[in-house]
Amino acid sequence: MELQQMRYVVAVAETRNFTRAAEQCLVVQSALSHQIARLERELGAKLFERTSRRVRLTPAGEAFLPAARQALDAAERARAEVAAAAGEIRGRLAIGAIPTVTAVDLPVALRRFHRRHREVRITLRSGASEEMIERVRQGTMDLAFLGLPLDARPKGVNGRELARGDLVAVVAPGHPLADRDHVMLRDLADEPFVDFPAGSAGRIQSDEAFAAAGVRREVAFEVSTPDFMARLIRQDLGIGMLPESFAPVFPDLPVVRLSDAPARLEHLIWSRLRPSPAAAAFLSMIGISVGP
């Protein structure tokens, strides 16, 4: 069993197509197919079901894929550790971030890091905090920037609090509340809301605050990004709740502060295992020491 064969299996599993996988791996399709068939003979099991219309993993392939990814990650980590011992930072840096992170100017930080360590392959994925916590635990992400309620503490990872702040109401220009400096949550009870999906960390902090205030509200529109939220608010379809530090991203939308505002914590997490050289270098660059 060879690492290259594992790379081919992962590529086919991700693209669901032998031709695209071969292009991704920079080999001719016949060579890729031959190596996968050779691996299947060695394992004594088919990894893919192939028809004229689709390619999908067999149960054996589903079982093999996570281990293959782990082996490839371990090999890449080994190469990165050797390079780091010689004073060179290489390998992969996989970062996750909520769209509303403000404690760190992430695009600027990534630019600085890329200029210092051009041999590192950087990837960034935006998503929900709870999903990224699991990815960091599993090792498919090196670190992640989260937005959490104040009493939430991610489990199974190392982390650092970055910032605390309040949520504010964001309304359409011309909305009756647009000229108000402060309101209470109960003043919003009759308003339709645009908010993040139920159960997400971005939604929980708002739901808990309204529940604590004894206020029932209607979330008429569930969205996954603040940009989409802002588009609906501009049409006066509802009001939204955003971190006060992020709301200026939409300067055309009036901001109304809340006297009993929900609070939010920005958090950075990384694996409990020793960070990769690239992850350690990034954490150090933003002022976080993870020890020897």
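Structure shown above.
The shown structure was predicted, so the numbers you read here are calculated from the model rather than taken from an experiment.

(A) Structural detail: the packing of aromatic side chains. With the rule as written, the count across this model stands at four aromatic pairs. Consider the rings of Phe18 and Phe48, whose centres lie 5.9 Å apart with planes at 75°: the pair is edge-to-face. Taken as a pair, Phe18 in helix α2 (residues 18-25) and Phe48 in strand β1 (residues 48-50) lie far apart in primary sequence, 30 residues in all. Look at Phe48 and you get buried, because its relative accessible area is 4%.

(B) Up close: the environment of Arg121. Within the secondary structure layout, Arg121 lies in strand β4 (residues 120-126). A residue is classified by how much of its surface remains accessible, and Arg121, at 46% relative accessible area, is partly exposed. Not counting residues within four places of it along the chain, the set of residues in contact with Arg121 comprises Glu76, Gly91, Arg92 and Leu93.

(C) Spotlight on the pattern of salt bridges. Considering all chains together, one arrives at 17 salt bridges under this definition. As a salt-bridge pair, Glu161 and Arg164 come within 2.7 Å of each other at their nearest N and O atoms. Judged by its relative accessible area of 35%, Glu161 falls in the partly exposed class. The closest approach of N and O atoms between Asp195 and Arg217, which form a salt bridge, is 2.8 Å.

(D) Focus on the packing of helix α1 (residues 3-15) against α2. Two numbers describe how α1 lies on α2: the axes approach to 8 Å, and their chain directions differ by 130°. Relative to α2, the element α1 lies oblique. Like other packed secondary-structure pairs, α1 and α2 cross with a definite hand, here right-handed. Of the residues in α2, those in contact with Arg7, Tyr8, Ala11, Val12, Glu14 and Thr15 of α1 are Phe18, Arg20, Ala21, Gln24 and Cys25.

(E) Quick peek at the side chain of Asp142. Structurally, the position occupied by Asp142 is in the loop between α6 (129-138) and β5 (143-148). Residue classification places Asp142 among the buried positions, given a relative accessible area of 13%. Within polar-contact distance, the side chain of Asp142 engages the backbone nitrogen of Ala94 at 2.7 Å. Apart from residues no more than four positions distant in its own chain, Asp142 is found in contact with Arg92, Leu93, Ala94, Val136, Ile269, Trp270, Ser271, Ser276 and Ala279.

(F) Seen up close, the nonpolar core. In terms of nonpolar packing, the biggest core is built from 33 residues, with Leu93, Phe113, Leu143, Phe145 and Phe282 touching the most fellow members. If you tally residues by element for this core, the top one is helix α9 (residues 277-285), at six residues. Counting residues in hydrophobic clusters, the runner-up holds 21 residues, among them Tyr8, Ala21, Phe48 and Leu72.

(G) Spatial organisation of the packing of α2 against helix α3 (residues 29-43). Across the interface, α2 lies against α3 with an axial gap of 9 Å and an inter-helix angle of 105°. With respect to α3, the axis of α2 lies roughly perpendicular. Residue-level contacts link Phe18, Thr19, Ala21, Ala22 and Cys25 of α2 to Gln29, Leu32, Ser33 and Ile36 of α3. Residue composition of the contact of α2 with α3, by class: six nonpolar, three polar and no charged.

(H) Seen up close, the layout of surface pockets. Reported here for the largest pocket is a volume of approximately 1,600 Å³. Every element with two or more residues in the lining of the largest pocket is listed here: α1, α2, α4 (59-85), β3 (91-97), β4, α6 and α9. In terms of residue count, the dominant contributor to the lining of the largest pocket is α4 (ten residues). The calculated volume of the second largest pocket comes to roughly 340 Å³. Lining of the second largest pocket is provided by 24 residues; of these, Ile98, Pro99, Gly127, Phe196 and Gly202 occupy positions nearest its centre. Within the residue set of the lining of the second largest pocket, elements represented by two or more residues are α6, α7 (201-212) and β10 (239-243). In terms of residue count, α7 provides more of the lining of the second largest pocket than any other element does, four residues in total. Tallied by class, residues from the lining of the second largest pocket come to eleven nonpolar, eleven polar and two charged.

What counts, and at which threshold
Residues numbered from 1 in each chain as written. Predicted model: local features only at pLDDT ≥ 70, side-chain atom pairs only at ≥ 80, totals over all residues. Heavy atoms only, no water. Phe/Tyr/Trp six-rings, centres within 6.5 Å; stacked < 30°, edge-to-face > 60°. Helix = DSSP H or I, 4+ residues; strand = E, 2+ residues; numbered from the N terminus. Buried < 20%, exposed > 50% of the residue type's maximum accessible area, 1.4 Å probe, protein only. Contact = heavy atoms within 4.5 Å. Salt bridge = Lys/Arg side-chain N within 4 Å of Asp/Glu carboxyl O. Axes fitted to C-alpha atoms, helices over the stretch in contact; angles between N-to-C directions. Parallel < 35°, antiparallel > 145°, perpendicular 65-115°, else oblique. Left-handed = near helix turned anticlockwise from the far one by under 90°. Polar contact = N/O pair within 3.5 Å; in protein donor to acceptor, adjacent residues only side chain to side chain. Core = buried A, V, L, I, M, F, W, Y, C linked by side-chain atoms within 4.5 Å. Nonpolar A, V, L, I, M, F, W, Y, C, P; charged D, E, K, R; others polar. 1 Å grid on protein atoms, 1.4 Å probe; cavity = no way out; pocket = protein on both sides within 12 Å on 5 of 7 lines; lining within 4 Å. Points joined across faces, edges and corners; volume = space filled by probe spheres on them.

By themselves, these figures tell us nothing about what the structure is for.
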